[in-house]
Structure formats: C-alpha cells, structure tokens
Amino acid sequence: MAKRVFFSFHYQDVVDFRANVVRNHWLTKPDRESAGFFDASIWEEARKTGDIALKRLINSGITGTSNTCILIGEKTYLRPWVRYEILKSVKKGQHIFGVHINGIKGKNGRTKTQGKNPLDYLAVSYSDSGKSITLMEWRNGKLINYDKIDSSATYRLENPAPISKRGKSFKLSALYSTYDWVGNDGYNKFSKWVS
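Right, let's walk through the structure included here. For clarity, every value in this text was computed on a predicted model and none was experimentally measured.

### So, the environment of leucine 122
Okay, so step 1: Residue placement: leucine 122 occurs in strand β5 (residues 122–126).
Okay, so step 2: Residues leucine 122 and phenylalanine 170 lie 48 residues apart in sequence; the distance between their C-alpha atoms is 8.6 Å.
Okay, so step 3: When sequence neighbours within four positions are dropped, the list of residues in contact with leucine 122 reads Arg83, Ile86, Leu87, Met136, Glu137, Trp138, Phe170, Lys171 and Leu172.

### Remarks on the pattern of salt bridges
Okay, so step 1: Under the counting rule described, the total for this entry stands at seven salt bridges.
Okay, so step 2: A salt bridge links aspartate 16 to arginine 18, with the nearest nitrogen and oxygen atoms 3.6 Å apart. Note on accessibility: aspartate 16 and arginine 18 belong to one class, buried.
Okay, so step 3: The shortest N-O distance in the salt bridge between lysine 112 and glutamate 74 comes to 3.4 Å. Of this pair, lysine 112 sits in the loop between β4 (95–100) and β5 while glutamate 74 sits in the loop between β3 (67–72) and α6 (80–92), and the two are 38 residues apart along the sequence.
Okay, so step 4: The exposure class of lysine 112 is partly exposed, given its relative accessible area of 32%.
Okay, so step 5: The class for glutamate 74 is partly exposed, based on a relative accessible area of 39%.
Okay, so step 6: Several salt bridges share partner residues, and in doing so they unite Asp16, Arg18, Glu74 and Lys112 into one network.

### Observations regarding the environment of glutamine 114
Okay, so step 1: Within the element layout of this structure, glutamine 114 appears in the loop between β4 and β5.
Okay, so step 2: A C-alpha to C-alpha distance of 7.7 Å links glutamine 114 and isoleucine 101, two positions 13 residues apart in sequence.
Okay, so step 3: The residues contacting glutamine 114, other than those within four sequence positions of it, are His100, Asn102 and Asp180.
Okay, so step 4: Here the side chain of glutamine 114 touches aspartate 180 through a polar contact of 3.3 Å, side chain to side chain.

### A few points about the pairing of β3
Okay, so step 1: For β3, a buried count of six out of six residues is recorded, marking the element as mostly surrounded by other parts of the structure.
Okay, so step 2: Residues Asn67, Cys69 and Leu71 line one face of β3 and the alternating positions Thr68, Ile70 and Ile72 line the opposite face, and both faces are buried.
Okay, so step 3: In terms of strand pairing, β3 meets β4 through six bridges, oriented parallel. Considered in β4, the bridge of isoleucine 70 is made with glycine 98.
Okay, so step 4: The handedness of the β3 to β4 crossover, carried by α6, is right-handed.

### Description of the side chain of aspartate 13
Okay, so step 1: Mapped onto the secondary structure, aspartate 13 falls in helix α1 (residues 12–15).
Okay, so step 2: There is no salt bridge for the buried aspartate 13, and the closest opposite charge comes from arginine 18, which lies 5.2 Å off by N-O distance.

### Regarding the packing of aromatic side chains
Okay, so step 1: Scanning all chains against the criterion turns up nine aromatic pairs.
Okay, so step 2: Ring geometry for phenylalanine 7 versus phenylalanine 190: centroids 6.0 Å apart, planes at 20°, classification stacked. Of this pair, phenylalanine 7 sits in strand β1 (residues 3–8) while phenylalanine 190 sits in helix α7 (residues 186–193), and the two are 183 residues apart along the sequence.
Okay, so step 3: Look at phenylalanine 7 and you get buried, because its relative accessible area is 2%.
Okay, so step 4: One aromatic cluster is present, built from ring pairs that chain together Phe7, Phe97, Tyr179, Trp181, Phe190 and Trp193.
Okay, so step 5: Lysine 91 extends its terminal NZ or CZ atom over the ring of tyrosine 155, reaching a point 5.2 Å from the ring centre.

Parameters and conventions
- Residues numbered from 1 in each chain as written.
- Predicted model: local features only at pLDDT ≥ 70, side-chain atom pairs only at ≥ 80, totals over all residues.
- Heavy atoms only, no water.
- Helix = DSSP H or I, 4+ residues; strand = E, 2+ residues; numbered from the N terminus.
- Contact = heavy atoms within 4.5 Å.
- Salt bridge = Lys/Arg side-chain N within 4 Å of Asp/Glu carboxyl O.
- Buried < 20%, exposed > 50% of the residue type's maximum accessible area, 1.4 Å probe, protein only.
- Polar contact = N/O pair within 3.5 Å; in protein donor to acceptor, adjacent residues only side chain to side chain.
- Pairing = 2+ DSSP bridges.
- Right-handed = clockwise from strand over helix to strand, strands pointing away.
- Lys, Arg positive; Asp, Glu negative; His and termini not counted.
- Phe/Tyr/Trp six-rings, centres within 6.5 Å; stacked < 30°, edge-to-face > 60°.
- Lys NZ or Arg CZ within 6 Å of the ring centre and 35° of its normal.

Okay, here's the thing in structure tokens:
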C-alpha cells in the first residue's frame, strides 16, 4: 500500500530540478502503489507565509504522513526549516530517511558533488530512565538543545526507549538510513525505502 511521504528539501534543489525528479518519479510508474508513496510536501504554499504560518504548514504537512524523506542537496544541511522538519518528524515518530540528490543532473545538465548529510548535524539524547528525549542540533561547533518545537527541547516518550539507548546521545545519522538516488537506484528502490 502506498504511504504518505513528507519531503524535506532546500528550495534551490527544486529550482535546479533535482528534488522534482524524486518527488515526481511516480508519474512514470504504472500507479501510486508501484511508486509506493503520495507526496505530502507543502513548500509551494509555504513560500508565501511568515514564520508562525510556516510552522503551522509544516506541522499540518507532517500530520497524516508516516514517512519523512530528506532530499539532500549541496546546502540542505544548513537550512533551518529543514532542521525543524526533521526534528518535528523525530518528535512525531516518523520513519525518516535521507536521499542524496546531487548525482541527478540539474536543469543545466550537470551533477554536483554530494552534499553534507543534515542527519549528521542533528541529534537526540535519551534520559537515563528512557522516558524522555532531548532534541539537539550542531550550531557554532557545539551540540545545543533545539527548543523551536513547542518551546521545549525535551519531551516525554510514549513508550520508554530501549535500554541500549538510555542515558546516551546519538546523531540522527546513526539512527536513520541515507541513500543515494543514482548510486542506490532510487527510481526502482524508493518504494522499499518508504516504511
């Protein structure tokens, strides 16, 4: 059954058409089931709003989805709204995965070198009891609490974390998979990456 996927990306990758290749690849499939997803991105509406309205759009875009796919271009890791979308997805309990898209030819017919993984710049820290988690980001060379979601970096977990995670911190790249659209045959494998 096709799942609803929220795509997180830097708008420049839409301008260059790389993000569009992934988001629209279902158009060349027989149906949505074989593509494995419905696109629940909100960027087209979001560009017209301020910060509070943008947070509401992101939150509503993530609601009703079970997956968040980060389309990783050259500067995606630097984008504050991408960080918000990823950490909001962590808080919601989404299945999260990244897809490098710089191997896709842009509108100029060229590829780019692989961008840095945004999941390397975000982290979670589990409490000793495993009953709460703190969202974190790398900023100015250090790991700091991320309190831009509901004004708190720490929140209670619905179910306690496994013993192996309690009292420990993890980069999100250690918890979630990342693929390469070209190198890992995303056109044919994307539906398997969606959970």
